[in-house]
Structure formats: C-alpha cells, structure tokens
Amino acid sequence: MSDAGWREKIARAIRVSPHGMAGPASGAQGDFCWIEIGAGHGEMTEHLLRSGAPVYAVELDPPLIERLQRLAETHKNLTVVPGDILETDLPALAGGRRIRLYGNLPYYITSPILHRFFSFASRIDEIHIVIQLEVALRLTVRPGNKLYGYLSVATQFFTRPEFVMKLPPGAFRPPPEVASALVTLRLPGPDASLGVGDPQAFLEFVKTCFGQKRKTLANNLRGFAEPERVRGILKELKLREDTRAEQLSVAQFASIYRVISSGKPADGPDSRT
C-alpha cells in the first residue's frame, strides 16, 4: 500500500489511527494483539503499532524482514516473525492474547490463508484483509448471486463479513490490473449456533453441494443420499425440490446437513430456517 491517504483510510476503518473512530473494537475482550500478514515495507505496521498493542509482523522476504527488524529497534511492541503465514501457529504467537489480523493478501492464496485463519477461529476477534475486488464480493455476497459459492459459505459460517471500501489500483505501487477492497470479518460467526457438529465435515458437504453449479442439490449430493431422499428433505424444509446450492443461506445448508448426516428424515419446524 504505497498511497499514504489510502493507508490512513484503512487505519481509520480498522481503528488504529489516532484520527479514527473512537471506541473499542467489537468482539474484543481484554488483552489482544495484532498479527500482520505479509508486513512488507512496514507502512501499515506503523499504524498498527500506534494502537499500543503487541504487533507480530509475519514476513517471508529476507530484505523486507531486515527493514522490519530496523523498525522493531524503535518500537518495543513490534516482533518480527520471519516465515510463511500458512505455517505459522497464530495462537502460539499470540501467547494467550485474543487475535486481530490485518493483511494485504495475494489473490492466488486468499482461500488457503482464510482457511488457515478459520482453523483458529475461536482465538480470533477480527480479520481485516485487502484483497482483489472480485474475491471481496465473493466473501460478502448473499445467496442468489452468481458470485456466491463455497468460499462465500465458509466465510459466512465462521465470520460476519463486511465489505468496507473499494481501493483503486493507484493506491498501490506498482498498480495492479484490477481493483481491490478492504473486507472486515468479525468473529464469532454463526458456526457454533448451527449445530453441525464437525465444521470440517460440514464444509466438505458444502463443497459437494457446489460440485457442479448447474446441477440441482439432489444430483450433486448423490454421494450423501439418494436424489429422492434429498428432494424429500428439501420439501420438508419448505425448499424447492430443484434447489441449487447458490440459492441457499448458511443456515439452510446447516439444516440440510443435520438431517442428511443424522440418517433420519426431516423432522418438521425444528429443522427449518
């Protein structure tokens, strides 16, 4: 992020600017730390440091690590963590503190990084990420939109996502070919209240539901249940028998999953969403 004006806008949005919004961040209780993904040249790191909280700057590039270590010499609350975020144990790094995350994520590893974060969901209060605009829309879009897919459901299962602002290519140097956006993911999401049991098994089920987007749910779920049974479950849940995955909310996926994984027929109002 090369443009100082846009850095300040982001800093205000995530409440680390002295000129930003007053009040504590939602969901954060007691002691917390910031973990920055791909801290780079440290421009946003300096904003995070102003919060007064411990900041752990994770960076893989040796020349950038050296620059960050020089910054750490003048900021006692900065710890530079050389390494790959996909291999970093975030709770161990936080040392018992609650976690807030910030990062500018490359398009090609956005999904793996998010899934890494979700595996530590119980320890995280907020995730603030700058990502490609289309990916930002996928995370925050509602059912019925062509962009709505597996990553939308996974994100909306673990978090409460918010599209914060669009960022032009000129905010970066060199400017990318596409626009970007800041997205905030607040935790917890509805995962604990939906009664799906094993979250990973549920997400595998959701992935299967989206297996072939042009096919109905009954066809995509042949590996879980006979199409006739799936259609019966959909009917009991007051859903169309030809429903497709992109039409379902996270809660509706959970309702269908609970019934299918139980091996029982849908059981009336308690299963409905």
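Residues numbered from 1 in each chain as written. Predicted model: local features only at pLDDT ≥ 70, side-chain atom pairs only at ≥ 80, totals over all residues. Heavy atoms only, no water.

### Re the environment of K166
- Its location among the elements puts K166 in strand β6 (residues 160-167).
- The exposure class assigned to K166 is partly exposed, which follows from its relative accessible area of 49%.
- The spatial distance from the C-alpha of K166 to the C-alpha of V130 is 9.3 Å, given a sequence separation of 36 residues.
- Excluding residues within four positions of it along the chain, K166 makes contact with W6, L133, A179, S180 and A181. (Helix = DSSP H or I, 4+ residues; strand = E, 2+ residues; numbered from the N terminus. Buried < 20%, exposed > 50% of the residue type's maximum accessible area, 1.4 Å probe, protein only. Contact = heavy atoms within 4.5 Å.)

### Description of the sheet that holds strand β5 (residues 124-132)
- A sheet is described by the order of its strands in space; here seven strands give the open sequence β3-β2-β1-β4-β5-β7-β6, paired in mixed fashion. The sheet is open, and its two edges are formed by β3 (78-82) and β6, each paired on a single side. The mean inter-strand angle of the sheet, taken between neighbouring strand axes irrespective of direction, is 15 degrees.
- Direction of pairing for strand β1 (residues 32-37) relative to strand β2 (residues 55-59): parallel, over a ladder of four bridges. By the bridge assignment, I37 is partnered in β2 with V58.
- Running over the sheet, helix α1 (residues 4-13) touches β4 (98-104), β5, β6 and β7 (180-186) and is turned about 160 degrees from β6. (Pairing = 2+ DSSP bridges. Axes fitted to C-alpha atoms, helices over the stretch in contact; angles between N-to-C directions.)

### Comments concerning unusual backbone geometry
- A cis amide bond links R173 to the next residue, P174, at an omega of -5 degrees.
- A cis amide bond, omega 5 degrees, links L187 with the succeeding residue P188.
- Structurally, P188 is set in the loop between β7 and α8 (199-209).
- Even without glycine at this site, R15 takes up a positive phi of about 65 degrees.
- Mapped onto the elements of the fold, R15 is located in the loop between α1 and β1.
- Judged by its relative accessible area of 19%, R15 is buried.
- The residue K238 is not glycine, and still its phi comes out positive at about 65 degrees.
- If you trace the backbone, K238 turns up in the loop between α10 (227-236) and α11 (250-262).

### Some points on the packing of aromatic side chains
- Under the definition given, this model contains eight aromatic pairs.
- Here the aromatic rings of F157 and F202 are separated by 4.9 Å at their centres, their planes lie at 45 degrees, and the arrangement is tilted. With F157 in helix α7 (residues 150-158) and F202 in helix α8, this pair connects stretches of sequence that are 45 residues apart.
- Relative to F224, the ring of F205 lies with its centre 5.2 Å away and its plane at 90 degrees, an arrangement referred to as edge-to-face. Placement of F205 in helix α8 and of F224 in the loop between α9 (217-220) and α10 is noted, with a sequence separation of 19 residues between them. (Phe/Tyr/Trp six-rings, centres within 6.5 Å; stacked < 30°, edge-to-face > 60°.)

### Here's the deal with the nonpolar core
- Membership of the largest hydrophobic core comes to 67 residues, with the highest contact counts inside it found for F117, F202, F205, F253 and I256.
- Among the elements that line this core, the one with the most residues is α11, at seven residues.
- Once you skip the residues sitting within four places of it in the chain, F117 turns out to touch I37, I85, L90, L101, I124 and I127.
- Counting residues in each nonpolar core, the second largest holds 27 residues, with A11, V55, L78 and M165 among its members. (Core = buried A, V, L, I, M, F, W, Y, C linked by side-chain atoms within 4.5 Å.)

### Looking at the packing of helix α6 (residues 133-140) against α7
- Two elements in contact, α6 and α7, have axes separated by 7 Å at closest approach and are oriented at 60 degrees. Considered as vectors, α6 and α7 are oriented oblique to each other. Residues R138, L139 and T140 of α6 pack against L151, S152, T155 and Q156 of α7.
- Residues of the contact of α6 with α7, tallied by class, amount to two nonpolar, four polar and one charged. (Parallel < 35°, antiparallel > 145°, perpendicular 65-115°, else oblique. Nonpolar A, V, L, I, M, F, W, Y, C, P; charged D, E, K, R; others polar.)

### Topic: the side chain of Q156
- Within the secondary structure, Q156 sits in helix α7.
- On the accessibility criterion, Q156 (6% relative accessible area) is buried.
- A distance of 3.1 Å separates a polar side-chain atom of Q156 from the backbone oxygen of L139.
- Contacts of Q156, omitting those with residues within four sequence positions, involve L139, T140, V141, R142, Y148, P161, P190 and V250. (Polar contact = N/O pair within 3.5 Å; in protein donor to acceptor, adjacent residues only side chain to side chain.)

### Thoughts on the confidence of the model for the chain
- Looking at the chain, the pLDDT average stands at 91 and 92% of residues meet or exceed 70.
- Note that residues 21-29 has pLDDT below 50 and, in this model, 16 contacts with residues that lie over four places away or in other chains.
- Every residue in residues 267-273 is under pLDDT 50, and counting partners more than four places away or in other chains gives 12 contacts. (pLDDT = per-residue confidence, 0-100.)

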